[in-house]
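Chain residues, written in single-letter form:
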Amino acid sequence: MPAASGLPSIYDLSYSDLEAQLSEWGQPRYRAAQIWQGLYHTLAAAPEAISSLPAALRQQLDKAYTFSRLIKVVEARSSDGQTRKYLYNLPDNRQIEAVLMGYEKRRTTCISTQAGCAMGCVFCATGQMGFRRHLTAGEIVEQVIGFARELRAQDDHLTNIVVMGMGEPVHNYDATLAAVDRWNDPRGFNFGARRITISTVGLAPMIERFAAEKRQVNLAVSLHAATDELRTELLPINKRYPLAALFQAVRAYYAGTHRRVTFEWALIQGKNDTPEQAAALARLAGDLPCHVNVIPLNPTDDYAGQAATRERAAAFKAELERRHITCTIRVRRGIDINAGCGQLVAHETQAAPDLNQLLTPPPTDTLPPRH
Ligand code: SAH
Ligand code: SF4
């Protein structure tokens, strides 16, 4: 297996970190702007590609930092070429996944924030794997830059970032938000907050903290159930932060941003696809502006539940709409591969993966991705 460089990632540095490093090396301040441009504007893949720098500084950068901490070890593509899913090795041999999905003019990347996850949601392949470690800000940033660079080479560009891959982003709050800052930075990547979505299982205090920052970043909450009993059965973290606390935090987010919240709902046949659950959700949401994304459960090795049928999904949607909650049913394409996040890693560490099976080509009746 190819090993990743153990040097610190250049993407771990904030602008002021970079200035401090350059000053330590006796370099003038304006070099920081040149490097920042190189990293986030021209998307240089190595120091030698930042042609504005003197050769000695390029060499110094090369010795001290890596531009590629992530080593791609598996690449899976959907048959129409619109979706790519990469498995990366980290220097400590942990593995993460990142996905790029194309749909009409949208180019959405779905990226990871942790290797594994500590939240233990019963139906999630990443949760079944357990927690390995937090990613650094640089490791999170690099997943996006990698896809941006590929798209640039095809005269194309990223339109959306969804932080919905492996791991729980707000469990790794500081690194995730540092990555958001890096993407947002008008001096560099300049990617609008409104085109970024963070998906969380619902760590209420962290959502409160996020709300207090009043960023225009979108919030998606993996709800999956609207009664505490069922939600705790599916998502153990609900015991610690039950629905009342979660909704208080979500309302704080709405109050601070006036951005509609998305609720994720993996529909499991006979479990959370009932009219009672739809009614409970309507009660919880009240007049909170929200949208529900229903995704038929993606089967995983350690969970026996089945995806709800099309008919059940349609009935659930109708029930929500009757209660004035908008809802989209996603089918297995593009964004739905997120739901399979963790599956490449899971299969890589077990038997030989059948990658084509992990990437289901879009059927003809697909609905547009939400982002
Ligand atoms: N930890 C964050 C983000 C990563 S999980 C969160 O939980 O929101 C991304 C999304 O995939 C979540 O909505 C999660 O509940 C969903 N998901 C996980 N496993 C799934 C599966 N087997 N089928 C459908 N959705 C799944
Ligand atoms: Fe973690 Fe999200 Fe999977 Fe739950 S659904 S185990 S929070 S990655």
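As the structure is a prediction and not an experimental result, all values here were calculated from the model.

Enquirer: For unusual backbone geometry, give the residues involved together with the corresponding values.
Expert: One non-glycine residue with positive phi stands out, namely His258, at about 55 degrees. Looking at where His258 falls in the secondary structure, it is placed in the loop between α10 (243-257) and β10 (261-267). Of note in the backbone geometry, His324 takes a positive phi value of approximately 65 degrees without being a glycine. Tracing the sequence through the fold places His324 in the loop between α12 (310-322) and β12 (326-329). The class of His324 is exposed, set by a relative accessible area of 74%.

Enquirer: So what's going on with the pattern of salt bridges? Residues and values would help.
Expert: Following the criterion strictly, the structure yields 20 salt bridges and no others. Arg69 serves as the salt-bridge partner of Glu139, at 2.9 Å between the closest nitrogen and oxygen. Taken together, the residues Glu139 in helix α5 (residues 137-153) and Arg69 in the loop between α3 (55-64) and β1 (71-77) connect sequence positions 70 residues apart. Comparing Glu139 with Arg69, the two get one shared label, buried. Here Arg133 and Glu139 are joined by a salt bridge, their closest N and O atoms 2.9 Å apart. Assessed through its relative accessible area of 17%, Arg133 is described here as buried.

Enquirer: Provide a residue-level description of the site of ligand 2, including the pertinent values.
Expert: The environment of ligand 2 is made up of Cys117, Met119, Gly120, Cys121, Cys124, Gly127, Gly167, Glu168 and Val201. Classifying every residue of the shell around ligand 2 by side-chain character gives five nonpolar, three polar and one charged.

Enquirer: Break down the site of ligand 1 for me, with residues and values.
Expert: Neighbouring residues of ligand 1: 18 residues in total, closest Phe123, Ser199, Ser222, His224 and Asn298. Residue Glu168 places a side-chain N or O atom 3.1 Å away from a nitrogen atom belonging to ligand 1. In the environment of ligand 1, an oxygen atom lies 2.7 Å from a nitrogen or oxygen atom belonging to the side chain of Ser199. For ligand 1, whose unbound accessible area comes to 530 Å², protein coverage reaches 95%. Residue assignment for the shell around ligand 1 shows that the elements contributing at least two residues are β8 (196-200) and β10. Here the residues of the shell around ligand 1 sort into eight nonpolar, eight polar and two charged.

Enquirer: I'd like a rundown of the packing of aromatic side chains, residues and numbers included.
Expert: Under the counting rule described, the total for this entry stands at twelve aromatic pairs. Every member of this aromatic cluster is reached through a ring pair, and the members are Tyr11, Tyr15, Trp36, Tyr40 and Phe67. Over the face of the ring belonging to Tyr86 we find Lys72, whose NZ or CZ atom lies 4.1 Å from the ring centre. Between the NZ or CZ atom of Arg187 and the centre of the ring of Tyr15, over which it lies, the distance is 3.9 Å.

Enquirer: Which residues make up the nonpolar core, and what values do they have?
Expert: The tendency in soluble globular proteins is for nonpolar side chains to be buried side by side. Counting residues in hydrophobic clusters, the biggest one holds 106 residues, and the most contacted among them are Trp183, Phe189 and Phe263. It is α5 that contributes the most residues to this core, eight residues altogether. Taken domain by domain, the makeup of this core includes at least three residues from each of domain 1 (22-64) and domain 2 (71-351). Leave out the neighbours within four places in its chain, and Phe189 touches Tyr40, Leu43, Val144, Ile145, Ala148, Leu158, Arg182 and Trp183. By size, the runner-up hydrophobic cluster in this structure holds six residues, among which are Cys110, Val162, Met164 and Ala220.

Calculation criteria
- Residues numbered from 1 in each chain as written.
- Chains lettered and ligands numbered in written order.
- Predicted model: local features only at pLDDT ≥ 70, side-chain atom pairs only at ≥ 80, totals over all residues.
- Heavy atoms only, no water.
- Helix = DSSP H or I, 4+ residues; strand = E, 2+ residues; numbered from the N terminus.
- Buried < 20%, exposed > 50% of the residue type's maximum accessible area, 1.4 Å probe, protein only.
- Salt bridge = Lys/Arg side-chain N within 4 Å of Asp/Glu carboxyl O.
- Near = heavy atom within 4 Å.
- Nonpolar A, V, L, I, M, F, W, Y, C, P; charged D, E, K, R; others polar.
- Polar contact = N/O pair within 3.5 Å; in protein donor to acceptor, adjacent residues only side chain to side chain.
- Areas by Shrake-Rupley, 256 points an atom, 1.4 Å probe, with all protein chains shown as cover.
- Phe/Tyr/Trp six-rings, centres within 6.5 Å; stacked < 30°, edge-to-face > 60°.
- Lys NZ or Arg CZ within 6 Å of the ring centre and 35° of its normal.
- Core = buried A, V, L, I, M, F, W, Y, C linked by side-chain atoms within 4.5 Å.
- Domains from an automatic or database assignment.
- Contact = heavy atoms within 4.5 Å.

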